[in-house]
There are 2 protein chains.
Amino acid sequence: MDLQGAFHVYDTTLRDGAQQEGLNLTVADKLAIARQLDGLGVGFIEGGWPGANPKDTEFFRRAAQELELGHARLTAFGATRRAGVRAADDPLVAALRESGAGVVTLVAKSHDRHVELALRTTLQENLAMVRDTVAHLRAEGQQVFLDAEHFFDGYRANRDYALEVLRTAAEAGAEVVALCDTNGGMLPGWVADVVYDVIETTGVRVGIHCHNDTGCAVANTLAAVEAGATHVQGTINGYGERTGNADLVTVVANLELKLDRTVLPAGLLRDATRIAHAVAEVTNVPPSSRQPYVGTSAFAHKAGLHASAIKVDPNLYQHLDPVTVGNDMRLLVSDMAGRASIELKGRELGFDLSDGSPEDKALVSRITQRVKELEARGHTFEAADASFELLLLEEVEGARPSYFEVESWRVITETLDRRSTSDEAVSEATVKLRAGGVRFVVTGEGNGPVNALDQALREAIGQAYPEVAKFELIDYKVRILDQGHGTDAITRVLIETSDGESSWVTVGVGHNVIEASWQALVDGLTFGLRRQQA
Amino acid sequence: MDLQGAFHVYDTTLRDGAQQEGLNLTVADKLAIARQLDGLGVGFIEGGWPGANPKDTEFFRRAAQELELGHARLTAFGATRRAGVRAADDPLVAALRESGAGVVTLVAKSHDRHVELALRTTLQENLAMVRDTVAHLRAEGQQVFLDAEHFFDGYRANRDYALEVLRTAAEAGAEVVALCDTNGGMLPGWVADVVYDVIETTGVRVGIHCHNDTGCAVANTLAAVEAGATHVQGTINGYGERTGNADLVTVVANLELKLDRTVLPAGLLRDATRIAHAVAEVTNVPPSSRQPYVGTSAFAHKAGLHASAIKVDPNLYQHLDPVTVGNDMRLLVSDMAGRASIELKGRELGFDLSDGSPEDKALVSRITQRVKELEARGHTFEAADASFELLLLEEVEGARPSYFEVESWRVITETLDRRSTSDEAVSEATVKLRAGGVRFVVTGEGNGPVNALDQALREAIGQAYPEVAKFELIDYKVRILDQGHGTDAITRVLIETSDGESSWVTVGVGHNVIEASWQALVDGLTFGLRRQQA
């Protein structure tokens, strides 16, 4: 299909997405993300603003050499020429011309007050800046889009002028004019009305660029498409300044799966979940478990009440098949758990507990009972699949997998003399255990007690099982359960461990946060070793 | 204004929101959240399903005794009677009747296949279940709403039956029928069409309940209102199963600030940011910095390009004034942020910092700077008033209040030999400090390291200041800030201390959870002593 044809999926993660607070991308990060975006099948990847900062200039230089795109066209972003100079003489326009990108998106003011207050030029000169810059780059052989900044606010303030900017750009050769809700304050009905009017009045090809300040970025984008826009801009995972941009994955999934439009090459939407998570690894922004379509919770059900009906027909309880976006239905084992959900969960983990034999029925009863008891004491298995799987193995196989036997452990946290130093406290842990027939006594240091225990434990076990070297504790959460009880409270710890390819979550519970952490650490390593050896 | 009148803002955080993966609320949590919701001015707080599980039953029992609501009405959620029994004889209906809640929201099937497959009864009996249960509870004096589950899917599958369920409920006395997009697959245009048709065809009063599976929960809710719905359901921070429910804060802000509808008591929307964050502290779900209206990034600008224009007219760069929702504009590369809120906060604590003298201006600058530095390192003063007040005192009075001087501390957590015992780990702390001119070396034991430190610290200080005997650590929260960094993470601890009459919250931050806890403990005792002596 022609991704640069009748409908454009235009990604601006590398430029507008990178405006997000706390998000800092290296050139290597940007190249890695561009490859993922290309794998999703977007038509355009806006790489940044060459000439405006050294990083973006370097990105376009390296992209020209290293980046092979199968689907997308690389796009450079930049501004119209400055007031009072020729487009050909403006060094920033030259940087666009020489970026190596086949497409340039020019940002232009379309709001009269912004022209006067931010650009500090006249309305007429702004039109000339648009006309000259578009015409110049077109003459140099580049495809040109226009981002009409603050368009919706500008349209309200001075409709005639805002439309004149669009007309000027189109007449000079801009193929698309993208209407930008730069401040993000629009609602879907308003967007639809404006897009409809723009197309009716000017006949230009309209694109849409939304921010999420009203929580409506996706809906605003869809409203624009339904009103006739044929070019959608967004960012993966909705990254962006303030509340973020329209999440391009959600937009595309809605277009394809809800509105029956084909906007990506066949089959690529099935990689959406993987790609969204891979990009989150690069940006190091924890992905939202509640993200539409691709979040880890997006198809997760607290099954209790509905488990039996889910068995009959899962589609009664999901808006579409998660496979279409590369996600999975998950059943959470919660304190409302019943037998049916334990059976379903077992099946998900590869244990068929539902053949109806008396043995299986007794087994499911036993597991259900244990889950209820443990959850009553503060465990949660809905987030801790790995701990649940260990419990299941223990009941199914008669014993919990075991690779080492702990004798004792101790962890000391202390400060130096406070009057002479302001150093932080340090922690030191000693673990005594037997693994592979050998007794190990190992001491580890850390910047906290759990860190120190983790170091010591992994060093001790690693002598018998070298594969633990690649395990890494990647997340650690603590929850005090019975708030209001202060020092008597029960503490629940969730630990996520990674082997570099996948990760798993284990749980520990107790009055003592260190003890609870220890349980979760031990489960995490045990589960990882079991998986390595399976 | 009449919050239970022409337009309903209906919160279901405590019931549907609690379905979120990983979210587990205690009864005390639920009571604390209900108080916050009441502070926002919602009309209805759905507290849970009495009779369905012991926690919710206990919640309604305690709510009847402890929960004083100024704005909202407490609402009980439950199902229509079971097939084949009288409503008066169904124990779950009895639990609703006896919940003490003045309002009951009954969930009913309106999708024919769900009636047959999940309820396993006939379409006729389902109608009778709706009619009987509504009529029974109305006769017993309760106000009744109906949640029409899976309504939108049901409407597509069998419009006549779906409408018949609504009519039946309304005729039996249900005041509102809320159309639920239970699977969350709708888009705004579809919702508007259905709501319009329902109102045209049946004349019932319509409510709307949306999930965010297409990223359109907020827009769908607004579309329903624009089509005539006069009752909106949602959850604070958008908590909920899968991708969550419609974020009630965003919905309400859009209704009030974008669509000019008055749906909350005057002025309360200005507490939205504080309340959203306070609830997040209770749920221990890290708030999204990109959350519309109330996120910490929602009005944050990477100012570079626009700084001067922002100074001329900030409204050129924001969709509305953040003060309207209690948030602040933040300029990420400048130090303009925060002065106004520091002044406000100071005034709240009894320090007038805004008289305009050069000294006061310098003081506010200094405090603002320190708050920003500390917040950049992970502190939060939103929840930790007492720590902020200590910082303020330090700057205003030239020195931090100090009642004791810590020399050093140490805490050991260890297990006995694991092979011979299954006892939990024990912790022992030793604190060395000077108070009232005397040096104390005290060792305390506890069921966790912080508990042990707290014991030792209070015993040592108590010898010089007997009043600490009545201080009690009543809540302890831990949050890992930079998730994904595993063992390198920064930890934030919030500790709530009580003197039996009031309580105060202090914060500590560091790589080491014990060190962070220590800071918060010391601040907590210092603040308490200051208050006793003031």
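Residues numbered from 1 in each chain as written. Chains lettered and ligands numbered in written order. Predicted model: local features only at pLDDT ≥ 70, side-chain atom pairs only at ≥ 80, totals over all residues. Heavy atoms only, no water.

- As named in an unreviewed UniProt entry, chain A is Citramalate synthase, taken from Nocardioides panaciterrulae.
- Recorded under Sequence similarities (unreviewed entry), the UniProt text for chain A is reproduced unchanged: "Belongs to the alpha-IPM synthase/homocitrate synthase family."
- The record in UniProt for chain A states the following under Catalytic activity (unreviewed entry): "pyruvate + acetyl-CoA + H2O = (3R)-citramalate + CoA + H(+)". (UniProt positions renumbered as here; feature names shortened; annotations may be inferred.)

## Some details on the overall build of chain A
- In terms of helices and strands, chain A carries 17 helices and 16 strands.
- The dimensions of chain A, computed from C-alpha atoms along their principal axes, are 80 × 65 × 45 Å.
- Expressed as a percentage of the 534 residues in chain A, the buried residues total 62%.
- By sequence separation, contacts in chain A at least 24 residues apart represent 68% of the contacts at least 6 residues apart. (Helix = DSSP H or I, 4+ residues; strand = E, 2+ residues; numbered from the N terminus. Buried < 20%, exposed > 50% of the residue type's maximum accessible area, 1.4 Å probe, protein only. Contact = heavy atoms within 4.5 Å.)

## Observations regarding the pattern of salt bridges
- Scanning the model with the defined rule gives 55 salt bridges over all chains in all.
- As a salt-bridge pair, Glu125(A) and Arg81(A) come within 2.8 Å of each other at their nearest N and O atoms. Highlighted residues: Glu125(A) in helix α5 (residues 123–139) and Arg81(A) in the loop between β3 (73–79) and α3 (91–97), separated in sequence by 44 residues.
- Measuring nitrogen to oxygen at the nearest pair gives 2.9 Å for the salt bridge that ties Arg366(B) to Glu395(B). (Salt bridge = Lys/Arg side-chain N within 4 Å of Asp/Glu carboxyl O.)

## With respect to the domain arrangement of chain A
- One can read the domain layout of chain A as domain 1 (10–283), domain 2 (300–376) and domain 3 (404–464).
- Spacing between the C-alpha centres of domain 1 of chain A and domain 3 of chain A amounts to 52 Å. (Domains from an automatic or database assignment.)

## As for the UniProt feature "domain: Pyruvate carboxyltransferase" (unreviewed entry) in chain A
- According to UniProt, the feature "domain: Pyruvate carboxyltransferase" (unreviewed entry) maps to residues 7–270 of chain A in the numbering used here.
- Helix makes up 44% of residues 7–270 of chain A and strand 17%. Its end C-alpha atoms lie 20 Å apart.

## What about the interface of chain A and chain B?
- Every contact between the two is made by 118 residues of chain A and, on the other side, 115 residues of chain B.
- Applying the counting criterion to the chain A and chain B interface returns one salt bridge.
- One salt bridge in this structure joins Asp313(A) and Arg113(B), with 2.9 Å as the shortest N-O distance.
- The tally of links between chain A and chain B comes to 27 residue pairs in polar contact (both at pLDDT 80 or more).
- Here the element with the most residues in the side of chain A that touches chain B is strand β11 (residues 404–414) of chain A; it accounts for 10 residues.
- When the residues that make up the side of chain A that touches chain B are grouped by side-chain class, the tally is 43 nonpolar, 44 polar and 31 charged. (Polar contact = N/O pair within 3.5 Å; in protein donor to acceptor, adjacent residues only side chain to side chain. Nonpolar A, V, L, I, M, F, W, Y, C, P; charged D, E, K, R; others polar.)

## Looking at the nonpolar core
- Core analysis: the biggest nonpolar cluster contains 189 residues, and Leu146(A), Phe151(A), Leu146(B) and Phe151(B) have the highest contact counts within it.
- Ignoring any residue separated from it by four or fewer positions in sequence, one finds Phe151(B) in contact with Ser110(B), Ala162(B), Leu163(B), Leu166(B), Leu179(B), Cys180(B), Val194(B) and Val198(B).
- Listed in part, the 122 residues of the second largest apolar core include Ala452(A), Val513(A), Ile461(B) and Val468(B). (Core = buried A, V, L, I, M, F, W, Y, C linked by side-chain atoms within 4.5 Å.)

## With respect to the sheet that holds strand β1 (residues 8–11) of chain B
All names here are of chain B.
- Taken in spatial order, the eight strands of this closed barrel run β1-β2-β3-β4-β5-β6-β7-β8, and their pairing is parallel. Going from strand to strand, the sheet's axes swing by 25 degrees on average, the running direction of each strand aside.
- As paired elements, strand β2 (residues 44–48) and strand β3 (residues 73–79) share four bridges and run parallel to each other. Bridging from a neighbouring strand, phenylalanine 44 pairs with arginine 73 of β3. (Pairing = 2+ DSSP bridges. Axes fitted to C-alpha atoms, helices over the stretch in contact; angles between N-to-C directions.)

## Quick look at the sheet that holds strand β12 (residues 426–435) of chain A
- The strand order across the open sheet built from six strands is β13(A)-β12(A)-β11(A)-β11(B)-β12(B)-β13(B), with neighbouring strands paired in antiparallel fashion. The open sheet has two free edges, formed respectively by β13 (438–446) of chain A together with β13 (438–446) of chain B, since each of these has just one partner strand. Geometrically, the sheet is characterised by an average inter-axis angle of 10 degrees between neighbouring strands, direction not taken into account.
- Here helix α16 (residues 449–462) of chain B sits on the sheet in contact with β11 (404–414), β12 (426–435) and β13 of chain B, set at roughly 150 degrees to β13(B).
- Its contacts with the sheet put helix α17 (residues 513–533) of chain B on β11 of chain A together with β11 and β12 of chain B, and the angle it makes with β11(B) is roughly 135 degrees.

## Considerations on the packing of helix α14 (residues 358–376) of chain A against helix α15 (residues 385–397) of chain A
All names here are of chain A.
- The geometry of α14 relative to α15 is characterised by a closest axis approach of 10 Å and an angle of 140 degrees between their N-to-C directions. Judged by the angle between their axes, α14 and α15 are oblique. The element α14 and its partner α15 pack so that their crossing is right-handed. Residues Leu363, Arg366, Ile367, Arg370, Val371 and Leu374 of α14 pack against Phe388, Leu391, Leu392, Glu394, Glu395 and Val396 of α15.
- Of the residues assigned to the contact of α14 with α15, the class counts are eight nonpolar, no polar and four charged. (Parallel < 35°, antiparallel > 145°, perpendicular 65-115°, else oblique. Left-handed = near helix turned anticlockwise from the far one by under 90°.)

## Some points on the side chain of Asp147(A)
Residues and elements named next belong to chain A.
- Topologically, aspartate 147 is positioned in strand β5 (residues 143–149).
- Note on aspartate 147: relative accessible area 2%, which makes it buried.
- Excluding anything up to four places from it in sequence, aspartate 147 contacts Arg15, Glu46, Phe77, Thr105, Leu106, Val107, Ala108, Ala178, Cys180 and Gln233.

## Here we look at the packing of aromatic side chains
Residue and element names in this part refer to chain B.
- Within this structure, the stated rule accounts for 22 aromatic pairs over all chains.
- Relative to phenylalanine 77, the ring of tryptophan 49 lies with its centre 5.5 Å away and its plane at 75 degrees, an arrangement referred to as edge-to-face. In this pair, tryptophan 49 sits in the loop between β2 and α2 (54–66) while phenylalanine 77 sits in strand β3, placing the two residues 28 residues apart along the sequence.
- Residue phenylalanine 77 is classed as buried on the basis of its relative accessible area of 4%. (Phe/Tyr/Trp six-rings, centres within 6.5 Å; stacked < 30°, edge-to-face > 60°.)

## Digging into the packing of helix α1 (residues 27–40) of chain B against helix α11 (residues 272–283) of chain B
All names here are of chain B.
- The interhelical angle for the contact between α1 and α11, taken along N-to-C directions, is 175 degrees, at an axis separation of 10 Å. In terms of their interaxial angle, α1 and α11 are classed as roughly antiparallel. Counting all contacts with α1, which are made through Asp29, Ala32, Ile33, Gln36, Gly39 and Leu40, the residues of α11 involved are Ala272, Arg274, Ile275, Ala278, Val279, Val282 and Thr283.
- Residue composition of the contact of α1 with α11, by class: eight nonpolar, three polar and two charged.

## A closer look at the confidence of the model for chain A
- In this model, chain A carries an average pLDDT of 90, and 94% of its residues clear a pLDDT of 70 or more.
- Both scores are available for the predicted complex, with the pTM at 0.77 and the ipTM at 0.78. (pLDDT = per-residue confidence, 0-100.)

## Concerning α5(A)
Residues and elements named next belong to chain A.
- In a regular helix each residue adds 1.5 Å, so 17 residues correspond to 24 Å; α5 covers 24 Å between its end C-alpha atoms and thus fits that length.
- Taken together, the buried positions of α5 are Glu125, Asn126, Leu127, Ala128, Met129, Val130, Thr133, Val134, His136 and Leu137.
- In this structure, the buried side of α5 is in contact with β3, α3, β4 (103–109), α4 (112–119), β5 and α7 (159–172).
- Positive phi shows up at glycine 141, right after α5, with a value of about 95 degrees. (Expected span 1.5 Å × (residues − 1).)

## Here's the deal with the state of the cysteines
- Enumeration over the complete set of coordinates arrives at zero disulfides over all chains.
- There is no disulfide at Cys180(B), and the cysteine sulfur nearest it, in Cys210(B), is 8.8 Å away. (Disulfide = S-S within 2.5 Å.)

## Quick notes on the side chain of Asn212(A)
- Positionally, Asn212(A) belongs in the loop between β7 (206–210) and α9 (217–226).
- Here Asn212(A) falls in the buried class, since its relative accessible area comes to 19%.
- Non-local contacts of Asn212(A), meaning those with residues more than four positions away in its chain, are made with Ala217(A), Thr243(A), Gly244(A) and Pro292(B).

## Looking at the environment of Asp29(B)
- In this structure, Asp29(B) sits in helix α1.
- You can call Asp29(B) buried: its relative accessible area is 1%.

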